[in-house]
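Listed here are the chains, written in short residue letters.
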Number of protein chains: 2
Amino acid sequence: MTMADVAARAGVSKKTVSAVVNGVGQVSRRTDARVRAAIEELGFLPNPAARSLNSRRAGVITLALPHLGSGDLAAIASAVIAAAETAGVGVVVEPTGGDPAREGEVLRPGAGITDGVLLIPSRRTLPVVPGVPVVVIGDRMVQRTVAQVVAPAEASITVAAEVTGESGELVVVAAEEDADLVPESLGATVVPAEDASAGAAFRAVVAERTLFSSGTPNRPRADRVVTLGGGSAIGVAHALRTLGLDIPADVRLAAVGGGGEPAFADPPITTVAPDVRQLAEIAVGRLLGHLDGSDRTVRYDEVGLLVTRRASTGS
Amino acid sequence: MTMADVAARAGVSKKTVSAVVNGVGQVSRRTDARVRAAIEELGFLPNPAARSLNSRRAGVITLALPHLGSGDLAAIASAVIAAAETAGVGVVVEPTGGDPAREGEVLRPGAGITDGVLLIPSRRTLPVVPGVPVVVIGDRMVQRTVAQVVAPAEASITVAAEVTGESGELVVVAAEEDADLVPESLGATVVPAEDASAGAAFRAVVAERTLFSSGTPNRPRADRVVTLGGGSAIGVAHALRTLGLDIPADVRLAAVGGGGEPAFADPPITTVAPDVRQLAEIAVGRLLGHLDGSDRTVRYDEVGLLVTRRASTGS
DNA sequence: CTGAAAGCGCTAACAC
DNA sequence: GTGTTAGCGCTTTCAG
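How each quantity is defined
Residues numbered from 1 in each chain as written. Chains lettered and ligands numbered in written order. Predicted model: local features only at pLDDT ≥ 70, side-chain atom pairs only at ≥ 80, totals over all residues. Heavy atoms only, no water. Near = heavy atom within 4 Å. Polar contact = N/O pair within 3.5 Å; in protein donor to acceptor, adjacent residues only side chain to side chain. Helix = DSSP H or I, 4+ residues; strand = E, 2+ residues; numbered from the N terminus. Nonpolar A, V, L, I, M, F, W, Y, C, P; charged D, E, K, R; others polar. 1 Å grid on protein atoms, 1.4 Å probe; cavity = no way out; pocket = protein on both sides within 12 Å on 5 of 7 lines; lining within 4 Å. Points joined across faces, edges and corners; volume = space filled by probe spheres on them. Buried < 20%, exposed > 50% of the residue type's maximum accessible area, 1.4 Å probe, protein only. Contact = heavy atoms within 4.5 Å. Buried area = accessible area lost by both parts, 1.4 Å probe. Salt bridge = Lys/Arg side-chain N within 4 Å of Asp/Glu carboxyl O.

Remarks on the protein's contact with DNA strand D
1) Next: Residues in close proximity to DNA strand D total 26 residues, the closest being Ser28(A), Thr31(A), Asn54(A), Met3(B) and Asn54(B).
2) Next: Take the atoms of DNA strand D that sit within 4 Å of the protein: sugar and phosphate atoms are 68% of them.
3) Next: Here a phosphate oxygen of DNA strand D and a backbone polar atom of Met3(B) are 2.5 Å apart.
4) Next: Within the side chain of Asn22(B), a nitrogen or oxygen atom sits 3.0 Å from a phosphate oxygen of DNA strand D.
5) Next: Those elements that provide at least two residues to the surface near DNA strand D are α2 (14–22) and α4 (48–55) of chain A together with α2 (14–22) and α4 (48–55) of chain B.
6) Next: When grouped by side-chain class, the residues that make up the surface near DNA strand D number nine nonpolar, 12 polar and five charged.

Set out below in structure tokens:
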């Protein structure tokens, strides 16, 4: 069922069939109809491999992210896939496990069959100089030489802190490596967790329990908590309840990040999250812009934040 | 940087280069070395499009699933991607939104650039007769004519019920459409939710609160609850606490499904979940078996269950 | 063991 | 408007 078959059936040349299939060039109404009929009768389907051999474009991009288990990342993945679909390209998902080696792998030329990469890295620098078109998605700037779409962590944290109230002792629970994203100006105490998981957040809060239950000699008891990551919010809420604290009566809690988990925590947790749809559309747009050469500039975009007030801040 | 360049550089023919690159055929040690050197020096990378034009194989499969937001599905997606990677194929993720029309779309011949489809359908029947190689993943049999890998819901529910205790009034919370998966023999009361989300489960439990808090004239108060879906478990736990019930003192709770959410609920929830790794390996293996013609039989496989006991059943 | 040539199915020049 | 002729980069016959 090749194009030649259709051409023969319709009594025209391949070029004409191609023109009809792609809707380009001039074809008379009669010929067009004849070709379409032949395509229909033969059940012809263009061969994507042949097409991309010529166009040197696969019509597929890679989305490389740490993992799919977190609701935040799953939400971004869904949005990216949707945006890509709208643009007519497929998405190969590549979980890196946050391993720089595997992140580097996807940035190597010839790493796969895809045209370019959207990368959500785990570190602040890229493991290699990318050999393929790439747009980085993250909550911070990683490297000036690559295009990037950012949902700025500092701004999110600041907004989340505001949402928990205007005054009171503030604690921010964050993965160790994210600790320096907390703006000094907030005067917050940072409780470091091993990583951004719920379990790590739980352990971190329990380890610093005096901060929440009684305060320390130098610090009054914390009554405002902001946590980085929608998943970790669950762990923090769980830990605070375990310490016998009521949310929001004793402590008001807000999470930076979305992804579904906070909505069904007990109580539901207020979130400050990037507009993932906007994020995805910009990222996909930038990458495709690189690919078709319509925009070769290395851009740095920031996306808007969405605040969802829930019971954890006393809504 | 084509194969012809390498051939010229090494002073051999393209055929020889091809043989070296693919490790097939007989090439003398000297020639092999010369070709490898040329490849190295030129930084040659084989063109995947040209390769798949010949092999009529893209080296990519589609994973079509309702969405990525649920931990259960995200876990399956991760496992499938890992299994596919091991087998050397990429995975295009296609969220269908549970829409039969979109499920049908991915089963249409020529739907994409991929070689075959792993489908997690939302309904019990496929929307169309598949036009591409397909393996269905699910918790029930959908159609005898397609290959399928199943984590049987009935068995999971039965095991979960056992884990909540040997006796006592049993309630199963399940999405309406899954209600008939609950084995009669358990003598359970089924509480139907709109869907498998946490929110729907919460509302369902609250709507039937008398069942849990005081019992009905005909039924004693339920003290064992099984819920379908790792996500819905969160909603059920939240609802039970809202009703003033203690887990596990007043009611023991177990979830069918995994995905991370149950582990960080309060209290952590016991789960009965399919071995997703095994599931993924079988599914990918079957699909690739179809593709390379090494196994053309339509198989029906069942996978094992993993029981994770946590505090919600009084562990 | 290696080379030359003929495609894989499509698109792109360049004619008519 | 439409046909002809070359390729895209790789894998195969088929020779040698």
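Brief notes about empty space enclosed by the protein
1) Next: Evaluated as defined, the whole model comprises two cavities of 30 Å³ or more.
2) Next: Considering the residues around the largest cavity, the lining is formed by 14 residues, among which Ala265(A), Asp266(A), Phe264(B), Ala265(B) and Asp266(B) are closest to the centre.
3) Next: For the lining of the largest cavity, the secondary structure elements donating two or more residues are α10 (230–242) of chain A together with α10 (230–242) of chain B.
4) Next: Broken down by element, the residue count for the lining of the largest cavity peaks at four residues, all from α10(B).
5) Next: Looking at the lining of the largest cavity residue by residue, the class counts come to eight nonpolar, one polar and five charged.
6) Next: Reported here for the second largest cavity is a volume of approximately 30 Å³.
7) Next: Lining the second largest cavity are Val173(A), Ala174(A), Ala175(A), Ala193(A), Asp195(A), Ala196(A), Ala201(A), Thr227(A), Leu228(A) and Ser232(A).
8) Next: Broken down by secondary-structure element, the contributors of at least two residues to the lining of the second largest cavity are β6 (170–175) and β8 (224–228) of chain A.

Focus on the side chain of Thr62(B)
All names here are of chain B.
1) Next: Along the chain, the position of Thr-62 falls in strand β1 (residues 60–65).
2) Next: On the basis of relative accessibility, which here comes to 8%, the residue Thr-62 falls in the buried class.
3) Next: At a separation of 2.7 Å, a polar atom in the side chain of Thr-62 contacts the side chain of Thr-114.
4) Next: Those residues within four positions of Thr-62 in sequence are excluded, and the remaining contacts are Val-92, Glu-94, Thr-114, Gly-116, Val-117 and Leu-118.

A few points about the interface of chain B and chain A
1) Next: Contacts between the two partners involve 34 residues from chain B, matched on the other side by 34 residues from chain A.
2) Next: Surface buried jointly by chain B and chain A totals about 2,700 Å² across both partners, of which 67% is contributed by carbon and sulfur atoms.
3) Next: Applying the counting rule to chain B against chain A returns two salt bridges.
4) Next: Arg102(B) is paired through a salt bridge with Glu85(A); the nearest N and O atoms lie 3.6 Å apart.
5) Next: Where chain B meets chain A, there are two residue pairs in polar contact (both at pLDDT 80 or more).
6) Next: At the level of elements, α4, α5 (71–86), β2 (90–95), α8 (198–207) and α10 of chain B are the ones that each hand at least two residues to the side of chain B that touches chain A.
7) Next: Grouping the amino acids of the side of chain B that touches chain A by side-chain chemistry returns 22 nonpolar, seven polar and five charged.

Just distances and angles here, no functional claims.
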